[in-house]
Amino acid sequence: MKNSLLHTRANADSFVGMPNVMPTHIAAIFAIALSLVSCGPEKPWLDQGVSKTEYEAYEQTIEAAASFSSLAQTAMEGNRLTQTDTPEFVELLIAVEDPDFRKTSRSDTDIANAKSGTITQEVARRYDNLLPEGADLLEFRTGIAKGLAESATKEEILALYLSDLRYGGIEEAFFATPATAARTLYDKPIRELDRAQMIVLVAALHYRKSWNPKAPLEGNMLRRIARIEAMLGGKCSPLDSSDKVLSGCEEFDPAS
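Cut-off values and rules
Residues numbered from 1 in each chain as written. Predicted model: local features only at pLDDT ≥ 70, side-chain atom pairs only at ≥ 80, totals over all residues. Heavy atoms only, no water. 1 Å grid on protein atoms, 1.4 Å probe; cavity = no way out; pocket = protein on both sides within 12 Å on 5 of 7 lines; lining within 4 Å. Points joined across faces, edges and corners; volume = space filled by probe spheres on them. Helix = DSSP H or I, 4+ residues; strand = E, 2+ residues; numbered from the N terminus. Nonpolar A, V, L, I, M, F, W, Y, C, P; charged D, E, K, R; others polar. Buried < 20%, exposed > 50% of the residue type's maximum accessible area, 1.4 Å probe, protein only. Disulfide = S-S within 2.5 Å. Phe/Tyr/Trp six-rings, centres within 6.5 Å; stacked < 30°, edge-to-face > 60°. Lys NZ or Arg CZ within 6 Å of the ring centre and 35° of its normal. pLDDT = per-residue confidence, 0-100. Contact = heavy atoms within 4.5 Å.

A. Examining empty space enclosed by the protein more closely. Applying the stated rule across the entire model yields one cavity of 30 Å³ or more. Here the largest cavity is characterised by a volume of approximately 30 Å³. For the largest cavity, the full set of lining residues is Thr53, Glu56, Ala57, Gln60, Pro132 and Phe140. Take the lining of the largest cavity: its biggest share by element is four residues, from helix α4 (residues 52–63). Its residues assigned to classes, the lining of the largest cavity comprises three nonpolar, two polar and one charged.

B. Focus on helix α11 (residues 178–186). Of the residues making up α11, those classed as buried are Pro178, Ala179, Thr180, Ala181 and Ala182. One or two positions beyond α11, positive phi appears at Asp187, with a value near 55°.

C. Molecular detail of the state of the cysteines. For the coordinates displayed, the defined rule picks out one disulfide. A sulfur-sulfur distance of 2.0 Å marks the disulfide that ties Cys236 to Cys249. Given an S-S torsion of about 105°, the disulfide between Cys236 and Cys249 has right-handed geometry. Here Cys249 lies in the segment after α13 (220–232) and Cys236 lies in the segment after α13, a separation of 13 residues in the sequence. Residue classification places Cys249 among the buried positions, given a relative accessible area of 0%.

D. How the structure looks around the packing of aromatic side chains. If you walk through the whole model with that rule in mind, you get one aromatic pair. When the centroid spacing of 4.8 Å and the interplanar angle of 75° are considered together, the rings of Tyr167 and Trp211 count as edge-to-face. With Tyr167 in strand β3 (residues 167–169) and Trp211 in the loop between α12 (195–204) and α13, this residue pair connects regions lying 44 residues apart in the sequence. We classify Tyr167 as buried; its relative accessible area is 0%. The ring of Phe101 carries Lys154 above its face, with NZ or CZ at 5.0 Å from the centroid.

E. Structural context of the confidence of the model for the protein chain. On average, the protein chain scores 77 in pLDDT, and the residues at 70 or more come to 71%. Element-level mean pLDDT values for the protein chain span from 28 in helix α1 (residues 2–5) up to 94 in α13. Contacts from residues 1–22, a stretch scored under 50 in pLDDT, to residues over four places away or in other chains number 67 contacts. Of the regions scoring below 50 in pLDDT, residues 106–110 engages in seven contacts with residues more than four places distant in sequence or in other chains.

Printed below as a string of structure tokens:
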């Protein structure tokens, strides 16, 4: 069953990751949920003040809650990026990428903005391949994110997020996970890195498609590292929840 839900990266330092293509049984549940929605009250999304795309994506995610939970449980069992194995790294990652993530009564304001980089939104983006033809992508992501926020626990969402973190990809002709990046840069597992080394890996997630751990640190990476260090040190803060580039900390950018 686990093999049908998740696959293991080939590299010895790899971790269990969620495929880009949604597991077959979840996709099937999405299709069934969509048919049920179409048989329900006419245009129920109008009563909720949302678009049809957002409403259907939300309903589909709620229907697939059990499958998402099973997928998350498998990720927690096999993923090396866990609170147990790499607690400091995970907490640094949350502090930078989504500092409000652990709030139990967080507002849906940031989730409703599908352009935001919250952890829940990042998980929702992994299901872009199920976007119905002609549907709005941001509305689709918002529906999934809201469904996840309502039906999954914080630990399940975090497990799904951590299960497929990576730098590069096939199109970029290189691929690395945080674990393999740590080996490449420092010849250590993540749990043995010091705080400054962990910050480098966290900073690189902002440039995950273009950052290659084999290349020297320069330009944007050095600026982001400096901003993160200043923010974590309490010297500055993001302008708002959408300030993913940390413009509020730009005064700490290194001299050119």
